[in-house]
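Overview (structure and organization)
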Protein chains: 4
Amino acid sequence: MKKQIDKSLSFREKEFKLRPWQLKIQEVIYGTYTRPGKVFDILLLIIILLSVVVIMLESVSYLNLKYNFAFLTIEWIVTGLFTIEYILRIVSLRKPFSYIFSFMGLVDLFSLLPSYLSLFIDGAASLMIVRSIRFLRIFRILRLSRYMIGADVLGDALKNSRHKIAVFLISMLTIVIILGGLMYVIEPKEAGFTSIPRSVYWAIITITTVGYGDIAPVTPLGQALASFIMLFGYAIIAVPTGIVSSEFTSLKSNEIKPFECQNCGEVGHEKSAHFCKSCGYEF
Amino acid sequence: MKKQIDKSLSFREKEFKLRPWQLKIQEVIYGTYTRPGKVFDILLLIIILLSVVVIMLESVSYLNLKYNFAFLTIEWIVTGLFTIEYILRIVSLRKPFSYIFSFMGLVDLFSLLPSYLSLFIDGAASLMIVRSIRFLRIFRILRLSRYMIGADVLGDALKNSRHKIAVFLISMLTIVIILGGLMYVIEPKEAGFTSIPRSVYWAIITITTVGYGDIAPVTPLGQALASFIMLFGYAIIAVPTGIVSSEFTSLKSNEIKPFECQNCGEVGHEKSAHFCKSCGYEF
Amino acid sequence: MKKQIDKSLSFREKEFKLRPWQLKIQEVIYGTYTRPGKVFDILLLIIILLSVVVIMLESVSYLNLKYNFAFLTIEWIVTGLFTIEYILRIVSLRKPFSYIFSFMGLVDLFSLLPSYLSLFIDGAASLMIVRSIRFLRIFRILRLSRYMIGADVLGDALKNSRHKIAVFLISMLTIVIILGGLMYVIEPKEAGFTSIPRSVYWAIITITTVGYGDIAPVTPLGQALASFIMLFGYAIIAVPTGIVSSEFTSLKSNEIKPFECQNCGEVGHEKSAHFCKSCGYEF
Amino acid sequence: MKKQIDKSLSFREKEFKLRPWQLKIQEVIYGTYTRPGKVFDILLLIIILLSVVVIMLESVSYLNLKYNFAFLTIEWIVTGLFTIEYILRIVSLRKPFSYIFSFMGLVDLFSLLPSYLSLFIDGAASLMIVRSIRFLRIFRILRLSRYMIGADVLGDALKNSRHKIAVFLISMLTIVIILGGLMYVIEPKEAGFTSIPRSVYWAIITITTVGYGDIAPVTPLGQALASFIMLFGYAIIAVPTGIVSSEFTSLKSNEIKPFECQNCGEVGHEKSAHFCKSCGYEF
């Protein structure tokens, strides 16, 4: 595997006129199958994790009072490392803009900005939590395993059912607005239904079966309507579930490619089969 | 596509004796594939959205104090536009009653009434939220895309499983009434179980896993029964989900293209069939 | 259909030596397809509904103060009617014990007892809510329609998956007891975790995603464990759903009986097919 | 059946040089199909249940005050019995380490430790709740029935979908951390969003639709974001459900009976196969 990568790297060298040091950096930063690439990816992941944990702990006031200096130090070291990494990623590419404006490139940039912004704006440091998106790089490290197939199937199932999900969400939003409006008319303001947006917020809390209880109906009519919304929400959770389930099931059953036996015409052989399951003809 | 529509319009002109101006209005208001029809649909949608947003914001008291005049102005302009649209929809049809008493016709009417009622009755304005149903017209605009198929499949799945859903809902209501009655006997009134209807309301909150917490059992026996209801509700959510999921899966796997037998007219053959399943005619 | 019933009734008369008046009562009370049977069933259902509504309203204190006499009157009339019906059901049968000890027979008896008990014991009247089980008779009235098939499929799906559901419930109870025990050790008593049973009650509230909020963790460790329980409960709701869904899907796909074409051996014809879909052979 | 076990026992005697008394103990403790083995398993289960119930009741303060002595007595008797059983399990085996370090062996050990620890450390007694894991032995007793198949299918479905579930959980944790961070920035500390970990805790409560209500957003922007999280959580519950459902459905529809090819030993042929899919050997 490593040989293949090396070949493709030297191929890229000739083709794109990349300097040897650029290739070296590429091998480390972008390489997934090479040893230095793997080590780099795992180190990066550990630093990201560390950074996210520090940001979270920093927000806990009594920890911040105690370890403020340690947190700040770690934060700026991590920011420094991320900045160097970001610059290396750009300089090692022939067409860096395709990286800069890619999803991961923007995430990398927005992981750096809050640190520098916090020098000028108070509270910007909390936005550093955006760094946790970088954690999705974990899938890159796991690429060698079958995790990507899992992600692909998830993505496919969601993409195939996007029309049905759109219909479902628009219908649900309409229902929630109407029910929220009705509750605003029925319930007294004291129960928390002080405006239609707030009532719609309550309707969403109820229909999704979250049920905080910060706003709750007090009149019998309101409670009856609330019961209806709950039963409705309970029943229609079946709809998104059904949509995605059937998508998964169909993606799964497709795994048998319908190639035909050239002897008897039988279809539906498993991928691993070497002989036709009906007539014994060797493929 | 436009040509076809134009043809069918001139055909309708001859057949139904519609005046040219009526056809012109029809093309704009009812046309989905014509350019003016599309522009009209999108404009209408924006106005509906604007109207719903204004009604929602109007209910927020501090916004209403500030922008009361602006809100009222927008509301009456929108009401005026909707009224004109409603009249045009009626006069452009040869048989307007089929529109007036259709679902969308009634929604259009009830979108207008609250505005005029609010002149005589206080609070009627809030009922204007009914306008949000009009927002479902969005599916009409998206008709060209595959969204309608999504809606159709959703509708079919729900229609096919209506018997099972009815059995499920009746059984669940019976369970909820009995459990509510039991809790009313077990729990003290101080815990919120002041009457059987209120206890049934609590049972619905619990079995649907909403769980507001405004009413909650305090006795050990009541908590044990509540635990049972929760586990029961958690387990049986599988039932509506299973019903709809299997319906989706079966609708998906069938995907029987409705090609007709040229001999006997039977439809619904499987894709792999070479002979009509009803009369044996070879395709 | 009526003729068939009549035949079977006169057959039973000869066979079981039932008196004509017994047969007459049977036709009314047990007949589902005969006109008097249908009228009786619908009347019975209305009375059951009326009775349940009265019991529920009676528990609302301010309504009870106002309409106490009316409620009591209706209750005793209904109890009287139910008593007469119960006696008639018994005397019209040759082997009444098979009815008395059947599920519906016991429900009918327990629908009567609370009324008579309330003469001696205060509060027994509330147990009359048990009458709502009688409401399940609605399925008998709907028998002519396809509702019973819905109930059958529901029942079959639940029966087929009873082993998996048992495994799931036992595993879940074990998890809930251990997590409840851990939370009891971790959390202070002030947060509501006063005993292990109460902590288990909280764990059930959390794992089923009900979430009342009457008991909630306050320590960071407790909240971390609670987060784990929530994610776990959220993920494993997939298990009962998956069990029942797959059961429904398989019950559905079985609808095609795999009978073989005697000419070409092709299997998997639809029930309605008269010719083999592969070779056109007439069945 | 008993004969077979006896044979295999005497076989083991010769092979592994076990003493007769060791075999006798093995037959009772490890035997599942022998009469003494069954009696032992059922007795053990009753003792485990009794022990768990006592531990739970002991934690209820007013019961503990009353029956403290009885509870302690039962606890120490049970601990004694478990200790004897644990020793017997070890001495009756030739290679006891394979049991000691097996999952059930560790559970058995940890069921004993808290009792002895409670002599030295206060509060350790509560950890005895770990004993409830021993309750999973119930599946051993039910082995003769079809419960194990249920457990196997559950396990297979979860194992097959572990990649997809990992992708799902990592993505969800990332989303929850980002949303928690955002809410920490948006919401005031008074609403309960005092730190990012606490906000993440709230985000988990919300996305899993648990909804305690101990922390709830108060600003319009926070409530809007909360609504989004709820709808998102409501929609994506479809994902784990879909994953597991499709797994169950596929495990069900395959139901490949593992009959072996007598030529090459390949297993897992479909029911309809007439030739081995690997070597072409005719069955």
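Residues numbered from 1 in each chain as written. Chains lettered and ligands numbered in written order. Predicted model: local features only at pLDDT ≥ 70, side-chain atom pairs only at ≥ 80, totals over all residues. Heavy atoms only, no water.

Once that is clear, we can look at the overall build of chain A. For chain A, the helix and strand inventory stands at 12 helices and zero strands. By the burial criterion, 48% of the 283 residues in chain A qualify as buried. Contacts in chain A between residues far apart in sequence, at least 24 positions, make up 52% of those at least 6 positions apart. (Helix = DSSP H or I, 4+ residues; strand = E, 2+ residues; numbered from the N terminus. Buried < 20%, exposed > 50% of the residue type's maximum accessible area, 1.4 Å probe, protein only. Contact = heavy atoms within 4.5 Å.)

What follows covers a nonpolar patch on the surface. Residues and elements named next belong to chain A. On the surface, Leu72, Trp76, Phe97, Phe101, Leu106, Phe110, Leu113, Tyr116, Leu117, Leu119, Phe120 and Ile121 cluster together into a nonpolar patch covering about 1200 Å² of accessible area. With five residues, helix α6 (residues 103–117) is the largest single contributor of residues to the nonpolar patch. Inspection of the secondary structure puts Tyr116 in helix α6. Classification of Tyr116 by relative accessible area gives partly exposed; the value is 32%. (Patch = residues over 30% accessible without salt bridge, like charges linked within 9 Å, V, L, I, M, F, W, Y side chains within 5 Å. Areas by Shrake-Rupley, 256 points an atom, 1.4 Å probe, with all protein chains shown as cover. Salt bridge = Lys/Arg side-chain N within 4 Å of Asp/Glu carboxyl O.)

On inspection of all chains with the given rule, the structure shows 24 aromatic pairs over all chains. Both rings, one in C:Phe193 and one in C:Trp202, keep their centres 5.2 Å apart while their planes meet at 70°; by these two values the pair is edge-to-face. (Phe/Tyr/Trp six-rings, centres within 6.5 Å; stacked < 30°, edge-to-face > 60°.)

As enumerated under the stated definition, the model contains 12 salt bridges over all chains in all. In this structure, D:Lys24 engages D:Glu27 in a salt bridge whose closest nitrogen and oxygen atoms are separated by 3.7 Å. With D:Lys24 and D:Glu27 both in helix α2 (residues 20–29), this residue pair falls three residues apart, about one helical turn. D:Asp108 is paired through a salt bridge with D:Arg89; the nearest N and O atoms lie 3.9 Å apart. Remark: D:Arg89 occurs in helix α4 (residues 61–91) and D:Asp108 occurs in helix α6 (residues 103–117); sequence separation between them is 19 residues. Taking relative accessible area as the criterion, D:Asp108 reaches 3% and is therefore assigned buried. Salt bridges sharing partners connect three or more residues here, namely A:Glu85, A:Arg89 and A:Asp108.

As a further point, take the UniProt feature "transmembrane region" (unreviewed entry) in chain A. Look at the UniProt record and you will see "transmembrane region" (unreviewed entry) annotated at residues 42–63, 69–88, 100–121, 165–187, 199–218 and 224–244 of chain A. Its end C-alpha atoms 25 Å apart, residues 100–121 of chain A is made of 73% helix and 0% strand. (UniProt positions renumbered as here; feature names shortened; annotations may be inferred.)

To continue, consider the interface of chain B and chain A. Facing 44 residues of chain B, the contacting portion of chain A comprises 46 residues. For the pair chain B and chain A, the summed buried area comes to about 3900 Å², and 76% of that belongs to carbon and sulfur atoms. Across the chain B-chain A interface, the total number found is zero salt bridges. At the boundary of chain B with chain A, the tally comes to four residue pairs in polar contact (both at pLDDT 80 or more). Put simply, the parts of the chain that give the side of chain B that touches chain A at least two residues each are α3 (35–58), α7 (138–141), α8 (147–160), α9 (162–186), α10 (196–207), α11 (220–236) and α12 (238–254) of chain B. Sorting elements by how many residues they give to the side of chain B that touches chain A places α12(B) first, with seven residues. By residue class, the composition of the side of chain B that touches chain A is 29 nonpolar, 11 polar and four charged. (Buried area = accessible area lost by both parts, 1.4 Å probe. Polar contact = N/O pair within 3.5 Å; in protein donor to acceptor, adjacent residues only side chain to side chain. Nonpolar A, V, L, I, M, F, W, Y, C, P; charged D, E, K, R; others polar.)

What follows deals with the environment of B:Ala191. Residues and elements named next belong to chain B. With respect to the secondary-structure elements, Ala191 resides in the loop between α9 and α10. Along the backbone, Ala191 and Val218 are 27 residues apart, and their C-alpha atoms lie at a distance of 6.5 Å. Apart from the residues within four sequence positions on either side, Ala191 is in contact with Ile215, Ala216 and Val218.

Let us look at helix α11 (residues 220–236) of chain D. Over its 17 residues, α11(D) runs 24 Å from end to end, which matches the ideal 24 Å to within 8%, given 1.5 Å per residue. If you check which residues of α11(D) are buried, you get D:Gly222, D:Gln223, D:Leu225, D:Ala226, D:Ser227, D:Ile229, D:Met230, D:Leu231, D:Gly233, D:Tyr234 and D:Ile236. (Expected span 1.5 Å × (residues − 1).)

Its location among the elements puts D:Ser199 in helix α10 (residues 196–207). Every residue in contact with D:Ser199, bar those within four places of it in the chain, is listed here: D:Gly180, D:Tyr184 and D:Phe193.

Now for the nonpolar core. Formed by 200 residues in total, the largest nonpolar core has its most connected members in A:Trp202, B:Trp202, C:Trp202 and D:Trp202. Those residues in contact with C:Trp202 that lie beyond four places of it in its chain are C:Met183, C:Phe193, C:Ile215, C:Ala216, C:Pro217, C:Ala226, C:Ile229 and D:Tyr212. (Core = buried A, V, L, I, M, F, W, Y, C linked by side-chain atoms within 4.5 Å.)

Overlay of chain B on chain A (RMSD 0.1 Å): rotation 90°, translation along the axis 0.0 Å. Between the two chains, the operation in question is that of a four-fold axis. (Least-squares fit on C-alpha atoms with pLDDT ≥ 70 in both.)

Moving on, we get to the confidence of the model for chain A. Residues and elements named next belong to chain A. Chain-level statistics for chain A give a pLDDT mean of 76 and a share of 72% at 70 or above. For chain A, helix α1 (residues 2–16) is the element with the lowest average pLDDT, namely 51, and helix α10 (residues 196–207) is the one with the highest, namely 92. With pLDDT under 50 throughout, residues 1–5 is counted as low confidence; its partners more than four residues away or in other chains account for three contacts. Note on residues 255–259: pLDDT is under 50 here. Beyond four places in sequence and across chains, it has 14 contacts. Prediction confidence for the complex, expressed as pTM and ipTM, is 0.79 and 0.76 respectively. (pLDDT = per-residue confidence, 0-100.)

Bringing the packing of helix α9 (residues 162–186) of chain A against α10(A) into the picture now. Residues and elements named next belong to chain A. Across the interface, α9 lies against α10 with an axial gap of 8 Å and an inter-helix angle of 120°. Considered as vectors, α9 and α10 are oriented oblique to each other. As for the relative orientation of α9 and α10, their crossing is right-handed in sense. Here α9 contributes Met172, Ile175, Val176, Ile177, Gly180, Gly181, Met183 and Tyr184 to the contact with α10, which in turn contributes Ile196, Ser199, Val200, Trp202, Ala203, Ile204 and Ile207. Residue composition of the contact of α9 with α10, grouped by class: 12 nonpolar, three polar and no charged. (Axes fitted to C-alpha atoms, helices over the stretch in contact; angles between N-to-C directions. Parallel < 35°, antiparallel > 145°, perpendicular 65-115°, else oblique. Left-handed = near helix turned anticlockwise from the far one by under 90°.)

As a further point, take the side chain of A:Thr206. Checked against the element boundaries, A:Thr206 lands in helix α10. Of note is the side chain of A:Thr206, whose polar atom sits 2.4 Å from the side chain of B:Tyr212. Residues within four places of A:Thr206 in sequence aside, it is in contact with A:Ala226, A:Ile229, A:Met230, B:Val210 and B:Tyr212.

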